[in-house]
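Structural features, examined
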2 protein chains.
Amino acid sequence: MELAEVWVLRLSHRIARDVRVTSHVALTARAFGARGMYFSGDFDENIIKTIRKITGLWGGEFEVQYVENPLRFAKEWKSSGEVIHLTMYGLPIKDVIGDIRKSIRRKLVVVGSKKVPHEMYLIADWNISITNQPHSEVSALAIFLHELFEGYELNLNFKNAKLKVIPQPRGKKIVKQS
Amino acid sequence: MELAEVWVLRLSHRIARDVRVTSHVALTARAFGARGMYFSGDFDENIIKTIRKITGLWGGEFEVQYVENPLRFAKEWKSSGEVIHLTMYGLPIKDVIGDIRKSIRRKLVVVGSKKVPHEMYLIADWNISITNQPHSEVSALAIFLHELFEGYELNLNFKNAKLKVIPQPRGKKIVKQS
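Below, the structure is looked at part by part.

**Things to note about the overall build of chain A**
Secondary structure summary: chain A contains six helices and eight strands in total. Overall, chain A shows an N-to-C arrangement of helices and strands of β-α-β-α-β-α-β-α-β-α-β-α-β-β. Expected size for 178 residues packed as a compact globule is a radius of gyration near 16 Å; at 16 Å, chain A falls within 12% of this value. Considered along the principal axes of its C-alpha atoms, chain A spans approximately 45 × 35 × 30 Å.

**Here's the deal with the relation of the copies chain A and chain B**
Expressed as a screw transformation, the operator carrying chain A onto chain B has a rotation angle of 180 degrees and an axial translation of 0.0 Å, and the superposed copies differ by an RMSD of 0.0 Å. Taken together, the rotation angle and the small translation identify this as a two-fold axis. By C-alpha distance to the rotation axis, the residue of chain A lying nearest is Ser 139 of chain A, at 2.3 Å.

**Some points on the pairing of strand S4 (residues 81–92) of chain A**
Residue and element names in this part refer to chain A. Pairing geometry for S4 and strand S5 (residues 106–111), over five bridges, is parallel. Counterpart to Glu 82 in the pairing with S5 is Lys 107. A crossover links S4 with its parallel partner S5, the connecting element being helix H4 (residues 93–102), and its sense is right-handed.

**A few points about the environment of Pro 70 of chain B**
All names here are of chain B. Locating Pro 70 in the fold gives a position in helix H3 (residues 70–77). Given 23 C-beta atoms within 10 Å, Pro 70 falls into the buried group. Taking the C-alpha atoms as reference points, Pro 70 and Phe 39, 31 residues apart in sequence, are found 8.0 Å from one another. Every residue in contact with Pro 70, bar those within four places of it in the chain, is listed here: Leu 9, Leu 11 and Ser 40.

**Looking at the sheet that holds strand S4 (residues 81–92) of chain B**
Strand pairing in a sheet takes place through backbone hydrogen bonds and is either antiparallel or parallel in direction. Residue and element names in this part refer to chain B. Strand order across the open sheet formed by six strands is S3-S2-S1-S5-S4-S6, with parallel pairing between neighbours. Each edge of the open sheet is held by one strand with a lone partner, namely strand S3 (63–66) and strand S6 (126–129). On average, adjacent strands in this sheet sit at an angle of 30 degrees to one another, irrespective of strand direction.

**Section: the packing of helix H1 (residues 15–31) of chain A against helix H2 (residues 45–58) of chain A**
All names here are of chain A. Direction vectors running N to C along H1 and H2 enclose 35 degrees, while the axes themselves pass 10 Å from each other. Once H1 is placed against H2, the crossing between them reads as right-handed. Within the contact between the two elements, H1 uses Val 19, Thr 22, Ser 23, Ala 26, Leu 27 and Arg 30 and H2 uses Ile 47, Thr 50, Ile 51, Ile 54 and Thr 55. Across the contact of H1 with H2, the residue classes break down as six nonpolar, four polar and one charged.

**Structural notes on the nonpolar core**
Grouped together as the largest cluster of nonpolar side chains are 94 residues, with contacts concentrated most on Val 110, Leu 141 and Phe 144 of chain A together with Val 110, Leu 141 and Phe 144 of chain B. Leaving out residues up to four positions away in the same chain, Leu 141 of chain A has contacts with Val 8, Val 25, Thr 28, Ala 29, Leu 86, Val 109 and Val 111 of chain A.

**Description of the interface of chain A and chain B**
On the chain B side, the residues contacting the 42 residues of chain A number 43 residues. Those elements that place two or more of their residues in the side of chain A that touches chain B are H1, H2, S4, H4, helix H5 (118–123), strand S6 (126–129) and helix H6 (137–149) of chain A. If one sorts the elements of the side of chain A that touches chain B by residue count, H1 of chain A sits on top with seven residues. Residue classes in the side of chain A that touches chain B are distributed as 21 nonpolar, 15 polar and six charged.

**Quick look at the sheet that holds S5 of chain A**
All names here are of chain A. If you walk across this open sheet you meet the six strands as S3-S2-S1-S5-S4-S6, and the pairing is parallel. The outermost strands of the open sheet, each flanked by one partner alone, are strand S3 (63–66) and S6. Neighbour-to-neighbour, the strand axes of the sheet open up by a mean angle of 30 degrees, direction not taken into account. With five bridges joining them, S4 and S6 adopt parallel strand pairing. Bridging from a neighbouring strand, His 85 pairs with Asn 127 of S6.

**Section: unusual backbone geometry**
Positive phi is not limited to glycine here, since Thr 131 of chain A has a value of about 70 degrees. For Thr 131 of chain A, the location among the structural elements is in the loop between S6 and H6.

**Brief notes about the environment of Phe 62 of chain A**
Residues and elements named next belong to chain A. Following the sequence through the fold, Phe 62 ends up in the loop between H2 and S3. When the C-alpha atoms of Phe 62 and His 13 are compared, they prove to be 19 Å apart, with 49 residues separating the residues in sequence. In contact with Phe 62, other than residues within four places in its own chain, are Arg 30, Gly 36, Ile 51 and Thr 55.

**Quick word on the packing of H1 of chain A against helix H1 (residues 15–31) of chain B**
Interaxial distance between H1 of chain A and H1 of chain B falls to 7 Å at its minimum, and their mutual angle equals 45 degrees. Between H1 of chain A and H1 of chain B, the angle falls in the class oblique. The element H1 of chain A and its partner H1 of chain B pack so that their crossing is right-handed. Between H1 of chain A, through Arg 17, Arg 20, Val 21 and His 24 of chain A, and H1 of chain B, the contact on the second element is made entirely by Arg 17, Arg 20, Val 21 and His 24 of chain B. Of the residues belonging to the contact of H1 of chain A with H1 of chain B, the class tally is two nonpolar, two polar and four charged.

Conventions adopted
- Residues numbered from 1 in each chain as written.
- Chains lettered and ligands numbered in written order.
- Predicted model: local features only at pLDDT ≥ 70, side-chain atom pairs only at ≥ 80, totals over all residues.
- Helix = DSSP H or I, 4+ residues; strand = E, 2+ residues; numbered from the N terminus.
- Rg over C-alpha atoms; globule rule 2.2 N^0.38 Å.
- Least-squares fit on C-alpha atoms with pLDDT ≥ 70 in both.
- Pairing = 2+ DSSP bridges.
- Right-handed = clockwise from strand over helix to strand, strands pointing away.
- Buried ≥ 20, exposed ≤ 12 C-beta atoms within 10 Å, placed from the backbone.
- Contact = placed C-beta atoms within 7 Å.
- Axes fitted to C-alpha atoms, helices over the stretch in contact; angles between N-to-C directions.
- Left-handed = near helix turned anticlockwise from the far one by under 90°.
- Nonpolar A, V, L, I, M, F, W, Y, C, P; charged D, E, K, R; others polar.
- Core = buried A, V, L, I, M, F, W, Y, C linked by C-beta atoms within 7 Å.
- Parallel < 35°, antiparallel > 145°, perpendicular 65-115°, else oblique.

Written as structure tokens, this is what we have:
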């Protein structure tokens, strides 16, 4: 199965209050098959280090990079790929995911913090809602990737992992690999 | 379609660092069709107020309640329902969700913070993983409810909503209802 390459753009990170949610966005992106996460807002070296450490242990090639001007970045992305903005105001995912799956061009999935500038809605090729209720950029991203990759992302193999979980009905089993 | 009644139990909430993630757990639970969220750890009136305010605006009957002893609570739950613990160490969701869907007994979905006591793994009827990678209790909960309800949860009708989004390809449209 050929999967589109997906990157996530997390807007307006604020060190004071977003550290954990931005980490959850990054870890969800990684676990569900995205290639990396860009973030704008406050530059935050700890986010980059934390996710790099987890990737070192659990494998794969996930990258985290800072972006200074997210609107310009998203605009430029369109020369080689698609921009998909997840927002509770957008079109229901079930109505559009079929069309989105048809293209294997690389995708930038934009998730916001409180106020996403209106221009992002105009730059995006797709503004998509995962329900029209307020919830979380973390769950929106998870459902989007799950629908895009059709469950294939639940069985990814992460290369060069030092740690691997052996699923158990009760308790924990981790094996160390070298 | 008859849906099982689902409640979420969010363990070990810490006011200092979990406010936003616990809110995202609650909002995800609500948006994806759970009946309410219990939480243990620090008692936090703000979480209860914040979610109540959102439910007042966006409709439905979602409840948030504090639980002092989550292990005892989960044990007692089993007299009338099932306990499902989401953990990266558990059995892959795809292997077990079919069996879980068969029962319409009410379900308590447990999501942890850092260290979930070993006893919870023993109390749970199911320990389920949404990938065996580290990511987020928010995304794990979203995928679990999405798989349990089979997409039905993406089109829920929230009764007595004062606000309602009209999905748009670009921009925002909210209608106020009285």
